[in-house]
Amino acid sequence: GIAAERVVHVPQLEPDADAAGLPEPDGGGPLHGLPERFVVYVGRLSAEKGVGVLIDAVSRVPDVPLVVFGEGPDQARLAGLVSPAARVQFAGHASRPVLAAAMRRAIALVLPALWPENAPMAVLEAAAAGVPVIVSDMGGLPELAARVGGRVVPAGDAAALAAAIREAWVDPDA
């Protein structure tokens, strides 16, 4: 019952031809100034995404850098949560090629959602890049983690999230 001219197909996970040719940060590329290895969050900076829990978790493992890609209404509040000992960098909005380059250096993508996520693109793109995920037990995230390789922690539990991040950092093959 919908006219064909009103339907637009937007394919997901199309390889980005520009992503493979990006220079590495040593050469002043798009990741210049970021650590060589890090855990990464990609998404909107809003309360329901659980980034505050993530910042609390990485403050418990201060040797593990976190790079946060995204923007949103909670950005200023989240920046204020970062302790001086934590290695957290807010990288802002990034293009798909920049995110693809970041995924090549990430040891895990973390999505600590506090609300039911179904199938977020960040998790699907991490899986396509071969990057393990650490997710909360909300919505469809546990099922995705089981299928793509990852760890599930209780939503809002910064201590459990810190332990999962530490494990991924110390033993990336796990």
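These figures come from a predicted structure and were not determined experimentally. (Residues numbered from 1 in each chain as written. Predicted model: local features only at pLDDT ≥ 70, side-chain atom pairs only at ≥ 80, totals over all residues. Heavy atoms only, no water.)

A.B. asks: Teacher, can you tell me more about helix H6 (residues 158-170) here?
C.D. replies: An α-helical turn contains 3.6 residues, so a residue and the one three or four places further along point in the same direction. Between the first and last C-alpha of H6 there are 18 Å, a value that for 13 residues agrees with the 18 Å anticipated at 1.5 Å per step. Listed in full, the buried residues belonging to H6 are Ala 158, Leu 161, Ala 162, Ala 164, Ile 165, Ala 168 and Trp 169. Here the buried residues of H6 occupy an arc of 165° about the axis, which is enough to place them on one side. Against the buried residues of H6 lie strand E1 (38-42), helix H1 (51-59), strand E4 (106-111), strand E5 (133-136) and strand E6 (150-153). The N-terminus of H6 is capped by Asp 157, whose side-chain oxygen sits 3.2 Å from the backbone nitrogen of Ala 159. (Helix = DSSP H or I, 4+ residues; strand = E, 2+ residues; numbered from the N terminus. Expected span 1.5 Å × (residues − 1). Buried < 20%, exposed > 50% of the residue type's maximum accessible area, 1.4 Å probe, protein only. Arc of directions from axis to C-beta. Contact = heavy atoms within 4.5 Å. Polar contact = N/O pair within 3.5 Å; in protein donor to acceptor, adjacent residues only side chain to side chain.)

A.B. asks: Mind showing me how you'd approach the nonpolar core here?
C.D. replies: Across soluble globular proteins, nonpolar side chains have a tendency to be buried as a group. Of all hydrophobic cores here, the largest spans 55 residues; its most connected members are Phe 69, Leu 109, Leu 161 and Ile 165. With seven residues, the top contributor of residues to this core is H6. Dropping the residues within four chain positions of it, Phe 69 is found in contact with Leu 31, Leu 34, Val 40, Tyr 41, Val 42, Gly 43, Ala 91, Gly 92, Ala 94, Val 98, Leu 99 and Ala 102. (Core = buried A, V, L, I, M, F, W, Y, C linked by side-chain atoms within 4.5 Å.)

A.B. asks: Quick question: what am I supposed to make of the packing of H1 against H6 here?
C.D. replies: Geometry of a packed helix pair, given as the angle between the helix axes and the separation of the axes. Axis separation between H1 and H6 bottoms out at 8 Å; the angle between their running directions is 60°. With respect to H6, the element H1 is oriented oblique. Of the two possible hands of crossing, H1 and H6 adopt the one that is right-handed. Judged by residue contacts, Val 53, Leu 54, Asp 56, Ala 57 and Val 58 of H1 engage Ala 158, Leu 161, Ala 162 and Ile 165 from H6. Within the contact of H1 with H6, the residues separate by chemical class into eight nonpolar, no polar and one charged. (Axes fitted to C-alpha atoms, helices over the stretch in contact; angles between N-to-C directions. Parallel < 35°, antiparallel > 145°, perpendicular 65-115°, else oblique. Left-handed = near helix turned anticlockwise from the far one by under 90°. Nonpolar A, V, L, I, M, F, W, Y, C, P; charged D, E, K, R; others polar.)

A.B. asks: When you look at the sheet that holds strand E2 (residues 66-69) in this model, what are you seeing that I'm missing?
C.D. replies: Hydrogen bonds between backbone atoms are what pair the strands of a sheet, whose relative direction is either parallel or antiparallel. In spatial order, the strands read E3-E2-E1-E4-E5-E6; together these six strands make up an open sheet with parallel pairing. If you trace the sheet from one side to the other, it starts and ends with strand E3 (88-92) and E6, each paired once. Taken pair by pair, the neighbouring strands of this sheet meet at an average axis angle of 25°, ignoring direction. Relative to E5, E4 is paired through three bridges, and the arrangement is parallel. Counted as the bridge partner of Leu 111 is Val 135 from E5. Relative to the sheet, helix H3 (residues 96-105) contacts E1, E2 and E4, its axis offset from that of E4 by approximately 115°. (Pairing = 2+ DSSP bridges.)

A.B. asks: Explain the confidence of the model for the protein to me, please; I cannot follow it from the model alone.
C.D. replies: Any segment with low pLDDT has predicted coordinates that should not be analysed in fine detail. Summarising the model, the protein shows a mean pLDDT of 90, and 89% of its residues fall at 70 or more. Every residue in residues 17-26 is under pLDDT 50, and counting partners more than four places away or in other chains gives 19 contacts. (pLDDT = per-residue confidence, 0-100.)

A.B. asks: Help me out: how do you make sense of H1 in this one?
C.D. replies: Among the residues of H1, those classed as buried are Val 51, Val 53, Leu 54, Ile 55, Ala 57 and Val 58. The inward-facing, buried residues of H1 abut E1, E2, helix H2 (75-81), E3, E4 and H6.

A.B. asks: Before we go on, may I ask you to explain the packing of aromatic side chains in this structure?
C.D. replies: The description of an aromatic ring pair rests on the distance of the ring centres and on the angle between the ring planes. What the rule picks out here adds up to zero aromatic pairs. Lying across the ring of Trp 169, Arg 37 places its NZ or CZ 4.0 Å from the centre. (Phe/Tyr/Trp six-rings, centres within 6.5 Å; stacked < 30°, edge-to-face > 60°. Lys NZ or Arg CZ within 6 Å of the ring centre and 35° of its normal.)

A.B. asks: What exactly am I supposed to notice about the pattern of salt bridges here?
C.D. replies: Pairing is possible between side chains that carry opposite charge, provided their charged atoms lie close to one another. Under the definition given, this model contains eight salt bridges. A salt bridge links Asp 56 to Arg 60, with the shortest nitrogen-to-oxygen separation between them at 3.1 Å. By relative accessible area, which is 32% here, Asp 56 ends up partly exposed. On the basis of relative accessible area, Arg 60 is assigned to the partly exposed category, the value being 45%. Salt-bridge contacts for Glu 167 lead to Arg 151; the nearest nitrogen and oxygen are separated by 2.7 Å. (Salt bridge = Lys/Arg side-chain N within 4 Å of Asp/Glu carboxyl O.)

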